[in-house]
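Single-letter residue listing:
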Amino acid sequence: MRFTSDSTCKLLFLPIKKLNMKKLIIMLISVISMYSASAQKYTDQYIKDASKVAEKWLSDINEKKYENAFQMLSSEAKAIYKQETWVSLINELMLEFGGLENRKATEKRFQSEVEGMEDGFYIFIDYSSSYTNTINHNEHILLKQNDKIKWEIVDYNYEFQNKEK
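The rules behind each value
- Residues numbered from 1 in each chain as written.
- Predicted model: local features only at pLDDT ≥ 70, side-chain atom pairs only at ≥ 80, totals over all residues.
- Heavy atoms only, no water.
- Buried < 20%, exposed > 50% of the residue type's maximum accessible area, 1.4 Å probe, protein only.
- Helix = DSSP H or I, 4+ residues; strand = E, 2+ residues; numbered from the N terminus.
- Pairing = 2+ DSSP bridges.
- Axes fitted to C-alpha atoms, helices over the stretch in contact; angles between N-to-C directions.
- Contact = heavy atoms within 4.5 Å.
- Patch = residues over 30% accessible without salt bridge, like charges linked within 9 Å, V, L, I, M, F, W, Y side chains within 5 Å.
- Areas by Shrake-Rupley, 256 points an atom, 1.4 Å probe, with all protein chains shown as cover.
- Salt bridge = Lys/Arg side-chain N within 4 Å of Asp/Glu carboxyl O.
- 1 Å grid on protein atoms, 1.4 Å probe; cavity = no way out; pocket = protein on both sides within 12 Å on 5 of 7 lines; lining within 4 Å.
- Points joined across faces, edges and corners; volume = space filled by probe spheres on them.
- Nonpolar A, V, L, I, M, F, W, Y, C, P; charged D, E, K, R; others polar.
- Core = buried A, V, L, I, M, F, W, Y, C linked by side-chain atoms within 4.5 Å.

> Hey, could you run me through the pairing of strand S2 (residues 122-131) in this one?
Counting buried positions along S2 yields 9 of 10 residues, so the element is predominantly enclosed. The pairing of strand S1 (residues 100-111) with S2 spans 10 bridges and is classified as antiparallel. Residue Lys104 lies in a different strand from S2, and its bridge partner there is Ser128. As defined by bridge partners, S2 adjoins strand S3 (residues 134-145) across 8 bridges and the pair is classed as antiparallel.

Written as structure tokens, this is what we have:
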């Protein structure tokens, strides 16, 4: 038997013709769905784990456990300030905010790319917060999973207005 490009093509696609197209489509959708569900499961777990770290970090700051909070920072963040300087700055900031009245997470999202940073696993968490000396207070935390699969604080930002006295 002599093979031509036409006969080879027929041989390659013959098994597909025998399969019911509905079954093939259902199989493809099932595989894609399983992959998506698995990826979503991991993303949800990353958000849950990072949220615990963020809550602990914020709690340490609000309870004036600044040295503990400093240890939870990423190595990149620790490289910016000496511990004593960072503790002094965060203490001044907390005095300006006043006492924490409440805090609620408003958004949590996973990203694998952040502009200006290496690729990795990042979690962004936004909070609506209420402190005794501020109004319209929002806090934003960026966490990154390090090479030891540990979540660390990469960045902390906030915006607020001072209460009128």
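> Looking at this structure, how should I read unusual backbone geometry?
Excluding glycine, most residues fall at negative phi; most peptide bonds, likewise, are trans. Positive phi outside glycine occurs at Lys64, with the angle close to 60°. Considering the arrangement of structural elements, one finds Lys64 in the loop between helix H2 (21-62) and helix H3 (66-71). For Lys64, a relative accessible area of 53% translates into the label exposed.

> Is there a simple way to explain the sheet that holds S1 in this structure?
If you walk across this open sheet you meet the 4 strands as S1-S2-S3-S4, and the pairing is antiparallel. A single partner strand is all that each edge strand has here, and the edge strands are S1 and strand S4 (151-162). Strand-to-strand, the axes of this sheet are offset by a mean angle of 20°, without reference to chain direction. In this fold helix H5 (residues 83-97) packs onto S2, S3 and S4, with an angle of close to 35° to the strand it touches most, S4.

> Just checking my understanding: could you explain a nonpolar patch on the surface for this structure?
On the surface, Ile80, Tyr81 and Leu89 cluster together into a nonpolar patch covering about 300 Å² of accessible area. On the secondary structure map, Tyr81 appears in the loop between helix H4 (75-78) and H5.

> I'm lost on the layout of surface pockets in this one. Help?
The gaps of empty space that remain are located by a probe, the size of a water molecule, rolled over the atoms. Considered as a void within the structure, the largest pocket measures approximately 440 Å³ in volume. Taken together, 21 residues form the lining of the largest pocket, with Ala77, Trp86, Val154, Asp155 and Tyr156 sitting closest to its centre. Of all elements in the fold, only H4, H5 and S4 reach the threshold of two or more residues within the lining of the largest pocket. Per-element accounting of the lining of the largest pocket gives the leading share, 6 residues, to S4. For the lining of the largest pocket, the class distribution of residues is 15 nonpolar, 2 polar and 4 charged.

> I would appreciate a short explanation of the nonpolar core in the present structure.
Nonpolar side chains tend toward joint burial in soluble globular proteins. Judged by nonpolar contacts, the single largest core of 29 residues is most densely connected at Trp57, Ile61, Trp86, Ile141, Leu143 and Tyr156. Looking at this core, the elements that each hand over two or more residues are H2, H3, H5, S2, S3 and S4. The dominant element in this core, judged by the number of residues it contributes, is H2, at 8 residues. Counting residues in each nonpolar core, the second largest holds 5 residues, with Val114, Phe124, Leu142 and Val154 among its members.

> I tried to follow the pattern of salt bridges on my own but got confused; where do I start?
Charged atoms that come close allow side chains of opposite charge to pair. If you walk through the whole model with that rule in mind, you get 6 salt bridges. A salt bridge links Arg103 to Glu139, with the shortest nitrogen-to-oxygen separation between them at 2.8 Å. Taken together, the residues Arg103 in strand S1 and Glu139 in strand S3 connect sequence positions 36 residues apart. One salt-bridge network, in which partners are shared between bridges, spans Glu107, Arg109 and Asp126.

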